[in-house]
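Below are the chains, spelled out letter by letter.
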Amino acid sequence: MEDTPKKTEETTDIQKDYFPIPISLLQIDKIVNFDLYLRTNANKQPLLYRSKSLPISENDIARLKEKSIEILYVHSENKREYKRYLETNLRDILSDKNVPVQKRTEVLYTVTTQAVKEMLDDPRSGELLPRSRNLVENTLDFIFHEPTAFQCMLKVTNFDYYTHTHSVNVGIFSVFLAKEINFSEDELLRFGMASLLHDIGKCRVDPKIVNFPGKLSEEQFEQMKKHPEYGYEILTKEQGLKDELQLDVVLHHHEKLTGNGYPHKLKGDEISIYARVSAIADIFDALTTRRSYKNAFSSFDALKLMKEKMSDELDQQIFKKFILLMSEKKQT
Ligand SMILES: [Fe+2]
Ligand SMILES: [Fe+2]
């Protein structure tokens, strides 16, 4: 009897200190930058199975499977290394039909949100553009090969608002919508990268304003409105980006057809198709995510509000495609 509370405590510690990974995500003969642990008994501390830097062979996997072991453990301290490992091997993981498509989608979403979080923390990193290119290339490959990718994505999307999850969600909605309106593959890649980075300028706005738990004061909003120009500056001056399509998305995703947007108060035809698509994806995600001070709208209510209250601000033809995309894919 006395043992019971101790066991619960131990089990909780194990859950806190180690996290499980399916062996199906381990790539044969690739360097693993973290120790792998094995749990022989549900209530016992995991034992070291393989020290880091020792690749897993096909034989190792076969032996684990023989023993019906599908899960290994990684110490929580190595979560970042694990996500980096997934990012490095993303192409192989996403094309591995032995891993269920939902699991592969989860990997893609987790890896991308983590990468964007790191990019927002260090926007000067030389990795910014190649890393987002790699993520978007892999995403496009995945969605062109997996007909259920959009449904799977909707299931894993994080509905709590953070700048990095918002960036990834906007990237997802933008790319799927752009695909519906037949952007070329090259446009999809450049546009996808820009969508992922559309709010990069927020890293220069005071975090107290970015994370302010309520409606912004006029003064705070003025500060916030600088983020498209900050983003443009980061990408041109710090990253040497010259791609006009990408810079246009970062600079103009808050413009409105009525001319009431920012930063340039562009009107109607002055706003490119790229900026119009991102505006729709951006508003939809802002409405359907939860913040400490507001609940999330359902997709239906968000679309209804956008239709009723923003019809003259948003491109109606593109918006109709977006409604169709959301309703078709949700039903399948
Ligand atoms: Fe923005
Ligand atoms: Fe945004």
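Preceding block: the structure.
The rules we used
- Residues numbered from 1 in each chain as written.
- Chains lettered and ligands numbered in written order.
- Predicted model: local features only at pLDDT ≥ 70, side-chain atom pairs only at ≥ 80, totals over all residues.
- Heavy atoms only, no water.
- Donors = N, O, S within 2.8 Å, 3.2 Å for Na, K, Ca; no water.
- Tetrahedral: all angles 85-135°; square planar, octahedral: opposite > 155°, others 65-115°.
- Helix = DSSP H or I, 4+ residues; strand = E, 2+ residues; numbered from the N terminus.
- Buried < 20%, exposed > 50% of the residue type's maximum accessible area, 1.4 Å probe, protein only.
- Core = buried A, V, L, I, M, F, W, Y, C linked by side-chain atoms within 4.5 Å.
- Salt bridge = Lys/Arg side-chain N within 4 Å of Asp/Glu carboxyl O.
- 1 Å grid on protein atoms, 1.4 Å probe; cavity = no way out; pocket = protein on both sides within 12 Å on 5 of 7 lines; lining within 4 Å.
- Points joined across faces, edges and corners; volume = space filled by probe spheres on them.
- Nonpolar A, V, L, I, M, F, W, Y, C, P; charged D, E, K, R; others polar.

Caption draft 1: Spatial organisation of the coordination of the iron ion (ligand 1). Donor atoms from the polypeptide that coordinate the iron ion (ligand 1) comprise Asp-199 (OD), His-227 (NE2), His-253 (NE2) and His-254 (NE2), at 2.2 Å from the metal. For the iron ion (ligand 1), the four donor atoms in the first shell make angles of 85 to 178 degrees at the metal, a pattern classed as irregular. Binding-site remark: the iron ion (ligand 1) is held by donors from one chain whose sequence spacing is D-x27-H-x25-H-H.

Caption draft 2: Focus on the coordination of the iron ion (ligand 2). In the first shell of the iron ion (ligand 2), the protein supplies His-166 (NE2), His-198 (NE2), Asp-199 (OD) and Asp-282 (OD), at 2.1 to 2.3 Å from the metal. A separation of 3.4 Å is found between the iron ion (ligand 2) and the iron ion (ligand 1), both of which receive a donor from Asp-199. Placement of the pair is His-166 in helix 8 (residues 163-180) and Asp-199 in the loop between helix 9 (185-196) and helix 10 (207-210), with a sequence separation of 33 residues. Residues His-166 and Asp-199 agree in their burial class; the two are buried.

Caption draft 3: Broad picture of unusual backbone geometry. In this structure, Pro-263 follows Tyr-262 across a cis peptide bond, with omega equal to 10 degrees. Within the secondary structure, Pro-263 is located in the loop between helix 13 (244-252) and helix 14 (273-288). In this model, Ser-53 sits at a positive phi of 75 degrees, which is unusual for a non-glycine residue. Residue classification places Ser-53 among the partly exposed positions, given a relative accessible area of 38%. For Lys-265, which is not a glycine, the phi torsion comes out positive at approximately 50 degrees. For Lys-265, the position within the fold is in the loop between helix 13 and helix 14. For Lys-265, a relative accessible area of 55% gives the class exposed.

Caption draft 4: Local environment of the nonpolar core. In terms of nonpolar packing, the biggest core is built from 83 residues, with Leu-36, Leu-72, Leu-235 and Phe-322 touching the most fellow members. Listed in part, the five residues of the second largest apolar core include Val-205, Ile-209, Val-210 and Tyr-230.

Caption draft 5: Spatial organisation of the pattern of salt bridges. This structure, assessed with the given rule, holds 25 salt bridges. Across the pair Asp-60 and Arg-50 runs a salt bridge, and its minimum N-O distance is 3.2 Å. Taken together, the residues span a long stretch of sequence, with Asp-60 in helix 2 (residues 58-66) and Arg-50 in strand 3 (residues 47-50) at a distance of ten residues. Like Asp-60, the residue Arg-50 is buried in the burial classification. The salt bridge partner of Arg-190 is Asp-243, with a shortest N-O separation of 2.7 Å. Of this pair, Arg-190 sits in helix 9 while Asp-243 sits in the loop between helix 12 (227-238) and helix 13, placing them 53 residues apart in sequence. When salt bridges with common partners are traced through the structure, they connect Arg-80, Arg-84, Glu-87, Glu-118, Glu-127 and Arg-131 into a single cluster.

Caption draft 6: Fine view of the layout of surface pockets. There is about 990 Å³ of room inside the largest pocket. Together, 32 residues line the largest pocket, and Phe-221, His-254, Tyr-262, Ala-286 and Arg-291 are the ones closest to its centre. The set of elements that each furnish at least two residues to the lining of the largest pocket consists of helix 10, helix 11 (218-224) and helix 14. No other element matches the five residues that helix 14 contributes to the lining of the largest pocket. Class assignment for the residues of the lining of the largest pocket results in 16 nonpolar, seven polar and nine charged. Quantified by volume, the second largest pocket comes out at close to 430 Å³. Around the second largest pocket, the lining is made up of 19 residues, and of these Tyr-162, Thr-163, His-164, Val-210 and Asn-211 lie nearest the centre.

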